[in-house]
Amino acid sequence: NAGVMQNPRHLVRRRGQEARLRCSPMKGHSHVYWYRQLPEEGLKFMVYLQKENIIDESGMPKERFSAEFPKEGPSILRIQQVVRGDSAAYFCASSPLDRGGLNTEAFFGQGTRLTVV
Amino acid sequence: AQKITQTQPGMFVQEKEAVTLDCTYDTSDPSYGLFWYKQPSSGEMIFLIYQGSYDQQNATEGRYSLNFQKARKSANLVISASQLGDSAMYFCAMRPSTTGANSKLTFGKGITLSVRP
């Protein structure tokens, strides 16, 4: 059973380009979370999605960032017109259908390290 | 809102000794879960241990145990018999445990642990 798969592992973009980060959750998991980790910081929540629905995007910057989790295929975090401050590690986590929220840890992917030059 | 505080500076421990990593939290949720993750230099997030707020006993997983003091709102991680491979960043995190709620995690800033041979 494959874990959470993120690709690419490393992504370099020039300022103004678009970055697309992909996340395939674990088999059977219908919930996906995206987090951002700036250097020397902990992970910060960005967005929570279920299939075809954005449930909570309270951590997403208002502009240039968007996320989707289509019925088929991976979840995509899209950053338009990247700036140097977007350089960070972006982690995706998935969890199974919530059964009361007890004892269900989130399974993390290995992250995508975005560098904006 | 939930808040996790990890204020220890970089920690050092001698191989084979025990070490405690501190974590305090603040939340208004009546039910919540507390997590510890390890992030080695390779960057992935590795789940270590989970404690539910209503669990009667402190959680243990192999060499990891959680010293949960609910009244003090602390959830310290204890690593026994430290190994060189334990050198990493350690993050404390929490989330609400209400049925059907968004299970997004709130992370602390992390603690760096270095194990000396």
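Residues numbered from 1 in each chain as written. Chains lettered and ligands numbered in written order. Predicted model: local features only at pLDDT ≥ 70, side-chain atom pairs only at ≥ 80, totals over all residues. Heavy atoms only, no water.

### Observations regarding the overall build of chain A
Then, number 1: Within chain A one finds zero helices and 11 strands.
Then, number 2: Ordered by position in the sequence, the α and β elements of chain A form the string β-β-β-β-β-β-β-β-β-β-β.
Then, number 3: Scaling as 2.2 N^0.38, a compact globule of 117 residues should have a C-alpha radius of gyration of about 13 Å, and chain A matches this with 14 Å.
Then, number 4: Projected onto its principal axes, the C-alpha coordinates of chain A cover approximately 40 × 25 × 25 Å.
Then, number 5: For chain A, the proportion of its 117 residues judged to be buried stands at 47%.
Then, number 6: Put simply, of all contacts in chain A between residues at least 6 apart along the chain, 54% involve residues at least 24 apart. (Helix = DSSP H or I, 4+ residues; strand = E, 2+ residues; numbered from the N terminus. Rg over C-alpha atoms; globule rule 2.2 N^0.38 Å. Buried < 20%, exposed > 50% of the residue type's maximum accessible area, 1.4 Å probe, protein only. Contact = heavy atoms within 4.5 Å.)

### Details of the sheet that holds strand β1 (residues 5-7) of chain A
All names here are of chain A.
Then, number 1: What the four strands build is an open sheet, ordered β1-β3-β8-β7; its pairing is antiparallel. Each edge of the sheet is formed by a strand with only one pairing partner; in this case those strands are β1 and β7 (65-68). Taken pair by pair, the neighbouring strands of this sheet meet at an average axis angle of 15°, ignoring direction. (Pairing = 2+ DSSP bridges. Axes fitted to C-alpha atoms, helices over the stretch in contact; angles between N-to-C directions.)

### Observations regarding the pattern of salt bridges
Then, number 1: Across all of its chains, the model carries seven salt bridges over all chains by this definition.
Then, number 2: Notably, a salt bridge pairs A:Glu41 with A:Lys44, separated by 3.7 Å at the nearest N-O pair.
Then, number 3: Accessibility expressed as a relative area gives 23% for A:Glu41, which makes it partly exposed.
Then, number 4: The residue B:Arg63 makes a salt bridge to B:Asp86 at a minimum N-O spacing of 2.8 Å. (Salt bridge = Lys/Arg side-chain N within 4 Å of Asp/Glu carboxyl O.)

### Remarks on the environment of B:Gly108
Then, number 1: In this structure, B:Gly108 sits in the loop between β11 (106-107) and β12 (111-116).
Then, number 2: Between the C-alpha atom of B:Gly108 and that of B:Arg63, which follows or precedes it by 45 residues, the distance is 22 Å.
Then, number 3: If we ignore the near neighbours within four places in the chain, the residues touching B:Gly108 are A:Gly42, B:Ile4, B:Gln6, B:Phe91 and B:Cys92.

### Let's talk about unusual backbone geometry
Then, number 1: Following A:Asn7, the chain continues to A:Pro8 via a peptide bond in cis, the omega torsion being 0°.
Then, number 2: Topologically, A:Pro8 is positioned in the loop between β1 and β2 (10-13).
Then, number 3: Unusually for a residue other than glycine, B:Lys73 sits at a positive phi of about 55°.
Then, number 4: If you trace the backbone, B:Lys73 turns up in the loop between β8 (64-69) and β9 (74-79).

### Some thoughts on the nonpolar core
Then, number 1: B:Leu21, B:Trp36, B:Leu77 and B:Tyr90 are the most contacted members of the largest nonpolar core, which has 26 residues in total.
Then, number 2: Elements with a contribution of two residues or more to this core: β2 (11-14), β3 (19-21), β5 (32-39), β6 (46-52), β8, β9, β10 (88-96) and β12 of chain B.
Then, number 3: Counting residues per element, this core draws most heavily on β10(B), which supplies four residues.
Then, number 4: Grouped together as the second largest cluster of nonpolar side chains are 23 residues, A:Trp34, A:Ala67, A:Phe69 and A:Ala88 included. (Core = buried A, V, L, I, M, F, W, Y, C linked by side-chain atoms within 4.5 Å.)

### Description of the side chain of A:Asp56
Then, number 1: Here A:Asp56 shows up in strand β6 (residues 53-56).
Then, number 2: For A:Asp56, a relative accessible area of 14% puts it in the buried group.

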